[in-house]
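# Survey of secondary and tertiary structure
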Amino acid sequence: MKKRSIALIIWLMSIALIGVMAMQYYFVRESFIKESKLFDEEVKASLSAVANKIERQEIYDFAREQERQNQEKFRIDQERIQKNEKILALQVQYQDSIKTLQRIAFQHTTNFNKLETALNQQFPAVFINNEFFETYLRRKEYKHLVRITLEQGLTADNTIGEFTRIDAIKVIPPVKPKDDSTRYIIPVFAPPATNAIAYQIRTLPPKIDYRTLAKIEALEIKLHNLRNQKLTDAATLFDTIAILGGKKSSVIADVAMGMELSKRPLAERINGKRTVDLLIHELHERGIKSSFVMEIKDFNKIPVFQGFYQFNNEQLEEVKNPLIYTARLFQGDRGNAPGELSIHFPNKGGIIAETMGYWLFPTILALLALLIGCFAYTLSIIFKQKKMSEMKTDFINNMTHEFKTPVATIMIASESLRDPEISSDGKRVNKLANIIYDENVRLGSHIERVLNIARLEKENLKIERVNVHINSLANAVLESMRLQMDKAEGTLNIDIAADNDLVVGDELHLSNVMFNLVDNAIKYSKGKPEITFRTFNRGNNIVISVADKGMGMTKDQQEKIFDQFYRIPTGNIHNVKGFGLGLSYVNDIVKRLNGKITVKSEKDKGTQFEVTLPLKNASKEVA
């Protein structure tokens, strides 16, 4: 693979990674906006609840004060008051219950939207109604009637494009839905075909919490009926208070209490510390636990009370242009509301980020780590393939050189035989014929070695399973290599001491294994080779050991010598012939015979190979 191609792949993968990160940023930003809106709604609900409690508390406080002045009258009208108080309490209870249920219904819808968004971001999901699902998809005998096609036309958002069409090729009696879950089909298409080859069903909870909505409707009916009840005539100030709680502002004009309360200064009507405590309670009830700054202003926007709350000793830092939430106080007074309650959070962003962080950020970090890991793994594969390509190129060049030498020798010898003077000399003809034969054998050996590797890669190399005596086979191989050792003026030390040498294997390939190991020991020896060939038993195995005192290997080279086409570099010395296939072939043959091969080597001190094979009585049957 060219450097330009690798650079292009890295560039494209980097763009893809940046694109995924951009999508994650968009998802985080949208999630932050949604959480911020939910936070705003909870804070506004808390302020509204506090304002209502302040107003009710003022009324009750004032009522108790008036009650002490009218104890006798209060006793006379006690029954009537209790009745009105129950109605007021029920109204408050119903209102609070309705608000709680509304929050539950809203949270249910929000959770559904999150699940639906996540599903649509992951798959091109298509909604199906539950009756279609029960009729065709749940029952196996009718699944084949479902047809899912990809069509061109007007999509759901009124644009021209592709959309998925789901219908049945045969109408059967419908089956009523068993639940109100929301279901989607995730079709799988194989372009250019427009019919789905497979599909998945994903089930989400109901989009709307109908049970909660039914409870809200029932409570609203009860609340409406309570408000329509006629309270008993207000004979005392406490009756007027109950009427105020029932939102009947027409009665306020008939009594002086409303006027009396509205004439009092705002500072006397508000208890600042109690207001802070109420805010803390309401915010904690809604899961908001954070520091805040609170302020109460009068009609003219003049501060009447300022307070703050520190959660877990958080530092209250000054914020420029903070988002301020407000609620009007004493809206039951005639005219404009005389006061305003405001609150802001110096660390609003941190609150929302902490809420999201429990589930969002670990997910994003895990996905990002996975993508970067895949990116790094892909790059490593690319570089490995590039290195393998370079090794194959070296192999082809080396193979061409190895084939060229015997072909050239045969050509020269053949041309010599055509010379009448040489052809008349029997000795010279016989010598040239031997040269041609030897070079043909050498060329055939090269070809056979390459073909064996090709067969190994295609898994069609025939391996026989017969009884083989390793000691006898080793003697035959070493005897055939005597001439090669004599030519190199080397020393071959033989120690065939294995008492048990019977294995199940292939005699030809086992002889090739021994030949390759001894041949490598000769080729990679400095000067005159000194080689030790041993066989011995180790447990239920026989070990074939070939050791030399040659050039040795580094640890890095030892990890690569069994790879195809790898050859140990010999610097400027080019006397080592071969394709880099021998040890790869040896490793594959040994593994196929349920054995293992190990190497111990030290640079400039020599190398030792050990082939371990199971003896016949200890070997496992191989299918």
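Thresholds, definitions, all that
- Residues numbered from 1 in each chain as written.
- Predicted model: local features only at pLDDT ≥ 70, side-chain atom pairs only at ≥ 80, totals over all residues.
- Heavy atoms only, no water.
- Salt bridge = Lys/Arg side-chain N within 4 Å of Asp/Glu carboxyl O.
- Helix = DSSP H or I, 4+ residues; strand = E, 2+ residues; numbered from the N terminus.
- Buried < 20%, exposed > 50% of the residue type's maximum accessible area, 1.4 Å probe, protein only.
- Contact = heavy atoms within 4.5 Å.
- Polar contact = N/O pair within 3.5 Å; in protein donor to acceptor, adjacent residues only side chain to side chain.
- Pairing = 2+ DSSP bridges.
- Axes fitted to C-alpha atoms, helices over the stretch in contact; angles between N-to-C directions.
- Left-handed = near helix turned anticlockwise from the far one by under 90°.
- Phe/Tyr/Trp six-rings, centres within 6.5 Å; stacked < 30°, edge-to-face > 60°.
- Core = buried A, V, L, I, M, F, W, Y, C linked by side-chain atoms within 4.5 Å.

### Focus on the pattern of salt bridges
- Under the definition given, this model contains 19 salt bridges.
- In this structure, the salt-bridge partner of Arg-183 is Asp-179, at a minimum N-O distance of 3.1 Å.
- With its nearest N and O atoms 3.1 Å apart, the salt bridge here joins Glu-340 to Lys-301. A residue pair is termed long-range when its members are at least 10 positions apart, and Glu-340 in strand S9 (residues 339–344) and Lys-301 in the loop between strand S6 (292–298) and strand S7 (303–309) qualify at 39 residues.
- Taking the relative accessible area as the measure of exposure, Glu-340 reaches 18% and is therefore buried.
- A single salt-bridge network, built from bridges that share partners, covers Glu-42, Lys-53, Glu-282 and Arg-286.

### Digging into helix H4 (residues 130–137)
- Among the eight residues that make up H4, seven are buried, leaving the element largely enclosed by the rest of the structure.
- Of all the positions in H4, only Asn-130, Phe-132, Phe-133, Glu-134, Thr-135, Tyr-136 and Leu-137 are classed as buried.
- Packing partners of the buried residues in H4 comprise strand S1 (126–128), strand S2 (146–154), strand S3 (160–168), strand S4 (182–188) and strand S5 (198–204).
- If you check the start of H4, you find a side-chain oxygen 3.3 Å away from the backbone N of Glu-131, and it comes from Asn-129.

### Observations concerning the sheet that holds S1
- If you trace the three strands from one edge of the open sheet to the other, you get S1-S4-S5, paired in antiparallel fashion. The two strands at the open ends of the sheet, each matched to only one other strand, are S1 and S5. The average angle at which neighbouring strand axes cross in this sheet is 35°, direction not considered.
- Where S4 and S5 come together, seven bridges link them in antiparallel fashion.

### Examining the packing of helix H17 (residues 507–523) against helix H19 (residues 582–592)
- Two numbers describe how H17 lies on H19: the axes approach to 10 Å, and their chain directions differ by 145°. Like other packed secondary-structure pairs, H17 and H19 cross with a definite hand, here left-handed. Along its contact with H17, which presents His-509, Asn-512, Val-513, Asn-516, Leu-517 and Asn-520, the element H19 presents Gly-582, Leu-583, Tyr-585, Val-586, Ile-589 and Val-590.

### Examining the packing of aromatic side chains
- Going through the model one piece at a time under the given rule, you end up with seven aromatic pairs.
- Seen from their ring centres, Phe-132 and Tyr-136 are 4.9 Å apart, and the 40° between their planes marks the pair as tilted. You can see Phe-132 and its partner Tyr-136 sitting in helix H4, four residues apart, about one turn around the helix.
- Taking relative accessible area as the criterion, Phe-132 reaches 15% and is therefore assigned buried.
- With relative accessibility at 7%, the residue Tyr-136 sits in the buried group.

### Looking at the nonpolar core
- By size, the foremost hydrophobic cluster in this structure holds 38 residues, and its most contacted members are Ile-470, Leu-517, Phe-533 and Leu-613.
- Put simply, the parts of the chain that give this core at least two residues each are helix H15 (470–480), H17, strand S13 (530–538), strand S14 (541–548), H19, strand S15 (596–602) and strand S16 (606–614).
- It is H17 that provides the largest number of residues to this core, a total of seven residues.
- Apart from residues no more than four positions distant in its own chain, Leu-613 is found in contact with Ile-470, Val-503, Leu-510, Asn-541, Ile-542, Ile-544, Val-590, Leu-593 and Gly-595.
- Phe-39, Ile-280, Met-294 and Phe-311 belong to the second-largest nonpolar core, a separate cluster that totals 28 residues.

### Things to note about unusual backbone geometry
- That bond from Pro-191 to Pro-192 is cis: its omega, 5°, falls within 30 degrees of zero.
- When you line up the elements, Pro-192 lands in the loop between S4 and S5.
- The residue Glu-489 is not glycine, and still its phi comes out positive at about 55°.
- Within the secondary structure, Glu-489 sits in the loop between helix H16 (482–487) and strand S11 (491–496).
- What makes Glu-489 exposed here is its relative accessible area of 51%.
- Its identity as a non-glycine residue notwithstanding, Asn-594 has a phi of 65°, on the positive side.
- Position of Asn-594 relative to the elements: it lies in the loop between H19 and S15.

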